[in-house]
Amino acid sequence: MTAAEPPPGAREGGSMNGPLPFHLLPQTAAVAPDGHLHIGGCDLLALAEEYGTPLFVYDEAHLRARCREAVAAFGEGVAYASKAFLCLAMARLAHEEGMGLDVATGGELHVALSAGVPADRLVLHGNNKSTDELRTARHAGVGRIVVDSFDELERLAELHAHDGLVPKVLIRATPGVEAHTHEFVRTGQIDSKFGFGVPSGDAARAVAYAQDSPAMELMGVHMHIGSQVFVADFFHQAVEVVAPWVREMGLPELSIGGGLGVAYTHDETAPSITEWGIAIVSACRDAGLRARVLAEPGRSIVAQAAVTLYRVGTIKEVPEVRTYLSVDGGMSDNPRPVLYGSGYEAFLPRAATAPRPRLVTIVGKHCESGDVLVRDAQVPDDIAVGDVLATPVTGAYGHSMASNYNKVLRPAVVFVADGQARLVVRRETLEDLLHYDVAD
Ligand code: LLP
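Residues numbered from 1 in each chain as written. Predicted model: local features only at pLDDT ≥ 70, side-chain atom pairs only at ≥ 80, totals over all residues. Heavy atoms only, no water.

Visitor: How do you make sense of unusual backbone geometry when you look at a structure like this?
Guide: With the exception of glycine, most residues fall at negative phi, and the peptide bonds are largely trans. Along the chain, T53 connects to P54 via a cis peptide bond; the corresponding omega equals -10°. Topologically, P54 is positioned in the loop between helix 1 (44-51) and strand 4 (55-59). The phi dihedral of E320 is positive, around 65°, even though this residue is not glycine. With respect to the helices, strands and loops of the structure, E320 is situated in the loop between strand 14 (306-318) and strand 15 (322-327). With a relative accessible area of 86%, E320 lands in the exposed category. One non-glycine residue with positive phi stands out, namely D418, at about 50°. In this structure, D418 sits in the loop between strand 19 (412-417) and strand 20 (420-425). (Helix = DSSP H or I, 4+ residues; strand = E, 2+ residues; numbered from the N terminus. Buried < 20%, exposed > 50% of the residue type's maximum accessible area, 1.4 Å probe, protein only.)

Printed below as a string of structure tokens:
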């Protein structure tokens, strides 16, 4: 078997009921002569047998390629936004490939440090960092603290009065650009809990404070306009607001955050990290900016690297209404459809190139009618109870937002490469569910 030629019509978006479009799959996806889909040289059906379902399967080559692409586009300081998917193996992989890590809480900081990522490769975010989080980050020597509020500036000054440490900081600016993305993941507009508004003058006041303060070394400005943004124009507009200002102050760095969108369904396409990088860097240069341009991609590094495997448990027909197909996971391993109305595709790894003429609603096993994974999924006609079903593009904000709702066990995660699978996060056990209870 070689890297599979996608079936006709599969690469260019495909159609609603055609075979799964291959552009949504990880880069080593290949169809074996028996029709099974392999990723990283591993048969997905065999992985489901060995590790159980639901299971997150990440293509290590895909992850590494995206990290390298980001480093090539932005240079060494580019950070992986670890909120998209974080475990020890992922932190190490991003570090090995030359990326820094963006950590948004003391918890993410702890995992990154535990993975052996040097503190100076970390960028700490958060609109409400606690004194403890700031203290820990400063003592560890994190590379950058992205300051988000006047309260945080004061907190840093107080900490400095005690221990004299001087962290390098960026000021998070809110440029006043409304990216057209879901309102829950939009952050560049003025009405936001994040950062210092540029139009109000708060951002300039924060910069002045940081420049005068002995408690921090101001390195530059940060902005993040939102997530799952497809239109380069929004990044352009944000750069136009912030770049002249960074240029005038002679600050050495501008981070444009993350936010590059990815395709989840057959009808979507997205710019590559390379295209995004070129657009951003040239917008900065057009604005006369000489500062180092940094970024924090999350989703675009990991989303398409993974598929989730489920087992079909029941198929219920409601005549003339819809067919419900229940799988053994749901909103606890992928809350994105419920939270943002996000769309996904589905396919059968045993018949990866099969047409998908049948319309079903894929639901999870939680005690909620809203527990929908794919509202209108096209699947092969012969789908049956017991089948392993896969949803592609689940590498970002799935495992990281997973929960134990209904005491469902959080899935395992495997990395696959060169015909080998390695378990990087084990499946939770029933014992784990009792772990935090304090018995009488
Ligand atoms: N930098 C900052 C400061 C951020 O807040 C984020 C994402 C990123 C970088 C990475 O953005 P990305 O490249 O992944 O779009 N749970 C939502 C996404 C929330 C994003 C939060 N911040 C979802 O599932 O769509």
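That was the structure; now back to the text.
Visitor: Quick question: what am I supposed to make of the site of the ligand here?
Guide: S227, E296, R299, R336 and Y397 are the nearest of the 20 residues found near the ligand. Here G259 contributes a backbone N or O atom positioned 2.9 Å from an oxygen atom of the ligand. Y340 has a polar side-chain atom sitting 2.8 Å from a nitrogen atom of the ligand. For the ligand, whose unbound accessible area comes to 580 Å², protein coverage reaches 91%. Considered class by class, the residues forming the shell around the ligand number six nonpolar, eight polar and six charged. Residues lining the shell around the ligand come from more than one domain, with at least three contributed by each of domain 1 (22-59 + 304-434) and domain 2 (60-302). (Near = heavy atom within 4 Å. Polar contact = N/O pair within 3.5 Å; in protein donor to acceptor, adjacent residues only side chain to side chain. Areas by Shrake-Rupley, 256 points an atom, 1.4 Å probe, with all protein chains shown as cover. Nonpolar A, V, L, I, M, F, W, Y, C, P; charged D, E, K, R; others polar. Domains from an automatic or database assignment.)

Visitor: Could you clarify how one ought to interpret the pattern of salt bridges in this entry?
Guide: Two side chains of opposite charge can pair, provided their charged atoms sit close to one another. Counted under the stated rule, the structure contains 21 salt bridges. The salt bridge involving R311 is made with E49; its shortest N-O contact spans 3.3 Å. Here R311, found in strand 14, pairs with E49, found in helix 1; they are 262 residues apart in sequence, far enough to count as distant. On the accessibility criterion, R311 (26% relative accessible area) is partly exposed. Look at E49 and you get exposed, because its relative accessible area is 59%. Of the charged contacts, one joins D163 and R138 as a salt bridge, the two residues approaching to 2.7 Å between their closest N and O atoms. Residue D163 is located in helix 6 (residues 150-163), and its partner R138 is located in helix 5 (residues 131-140); the two are separated by 25 residues in the primary sequence. Note on R138: relative accessible area 5%, which makes it buried. What you see here is one network of salt bridges that share partners, running through E60, R64, R68, E96, E97 and R422. (Salt bridge = Lys/Arg side-chain N within 4 Å of Asp/Glu carboxyl O.)

Visitor: What is the right way to read the packing of aromatic side chains from this model?
Guide: By convention here, two paired aromatic rings are described through the distance between centres and the angle between planes. Here the structure, examined in full by the defined rule, presents seven aromatic pairs. Arranged with centres 4.3 Å apart and planes meeting at 15°, the rings of Y58 and F85 form a pair that is stacked. Of the two residues, Y58 is situated in strand 4 and F85 in the loop between strand 5 (79-81) and helix 3 (88-96); the sequence distance between them amounts to 27 residues. Since its relative accessible area comes to 0%, Y58 is described here as buried. Ring geometry for Y58 versus F415: centroids 5.7 Å apart, planes at 50°, classification tilted. (Phe/Tyr/Trp six-rings, centres within 6.5 Å; stacked < 30°, edge-to-face > 60°.)

Visitor: It is not clear to me how helix 8 (residues 232-249) should be interpreted in this structure. Could you clarify?
Guide: Helical geometry: 3.6 residues make up each α-helical turn, so side chains three or four residues apart lie on a common side. With 18 residues, helix 8 extends 26 Å from end C-alpha to end C-alpha; this agrees with the ideal 26 Å at 1.5 Å per step. Helix geometry: helix 8 is bent most strongly at V242, by close to 30°, with proline P244 lying one to four residues after it. The set of residues buried in helix 8 consists of F234, F235, A238, V239, V242, A243, W245 and V246. Directly after helix 8, the chain includes G250, whose backbone phi takes a positive value near 65°. (Expected span 1.5 Å × (residues − 1). Bend = angle between axes of the 7 residues up to and from the residue.)

Visitor: Help me understand the state of the cysteines, please; the structure alone is not making it clear to me.
Guide: Each disulfide consists of one covalent bond between the sulfur atoms belonging to two cysteines. In total, this model carries zero disulfides according to the counting rule given. Cysteine C87 is unpaired, with the sulfur of C67 as its nearest cysteine sulfur at 12 Å. (Disulfide = S-S within 2.5 Å.)

Visitor: Explain the sheet that holds strand 1 (residues 30-31) here, please?
Guide: A sheet is described by the order of its strands in space; here three strands give the open sequence 1-2-3, paired in antiparallel fashion. Single-partner strands in this sheet number two, and they are strand 1 and strand 3 (42-43). Direction of pairing for strand 1 relative to strand 2 (residues 37-39): antiparallel, over a ladder of two bridges. Counterpart to V31 in the pairing with strand 2 is L37. (Pairing = 2+ DSSP bridges.)

Visitor: Mind showing me how you'd approach the pairing of strand 19 here?
Guide: Both faces of the sheet carry side chains from a regular strand, because those side chains alternate between them. Within strand 19, five of the six residues are buried, which leaves it mostly tucked inside the rest of the structure. One ladder, built from five bridges, connects strand 4 with strand 19; its direction is parallel. The residue of strand 19 that forms the bridge with Y58 is F415. Here strand 19 runs beside strand 20; their pairing, made up of five bridges, is antiparallel. Within strand 20, the residue paired with A417 across the bridge is Q420. Hairpin connection between strand 19 and strand 20: a loop of two residues separates the two successive antiparallel strands, and D418 in this loop has a positive phi of roughly 50°.

Visitor: How should the domain arrangement of the chain be read in this particular structure?
Guide: Interface size is commonly expressed as the accessible area that is lost once the parts come together. Partitioning the chain into domains gives domain 1 (22-59 + 304-434) and domain 2 (60-302). The C-alpha centroid of domain 2 is placed 31 Å from the C-alpha centroid of domain 1. If you look at the interface, domain 1 gives 30 residues, while domain 2 gives 26 residues. Interface of domain 1 and domain 2: buried area, both sides summed, is about 2,400 Å²; carbon and sulfur atoms make up 59% of it. The interface formed by domain 1 and domain 2 includes one salt bridge. Among the salt bridges present, the one from E60 reaches R422, with a minimum N-O distance of 3.3 Å. Counting across the interface, domain 1 meets domain 2 through 15 residue pairs in polar contact (both at pLDDT 80 or more). Mapped by element, the contributors of at least two residues to the side of domain 1 that touches domain 2 are strand 4, helix 11 (336-340), strand 19 and strand 20. Ranked by residues supplied to the side of domain 1 that touches domain 2, first place goes to strand 19 with four residues. Here the residues of the side of domain 1 that touches domain 2 sort into 18 nonpolar, eight polar and four charged. (Contact = heavy atoms within 4.5 Å. Buried area = accessible area lost by both parts, 1.4 Å probe.)

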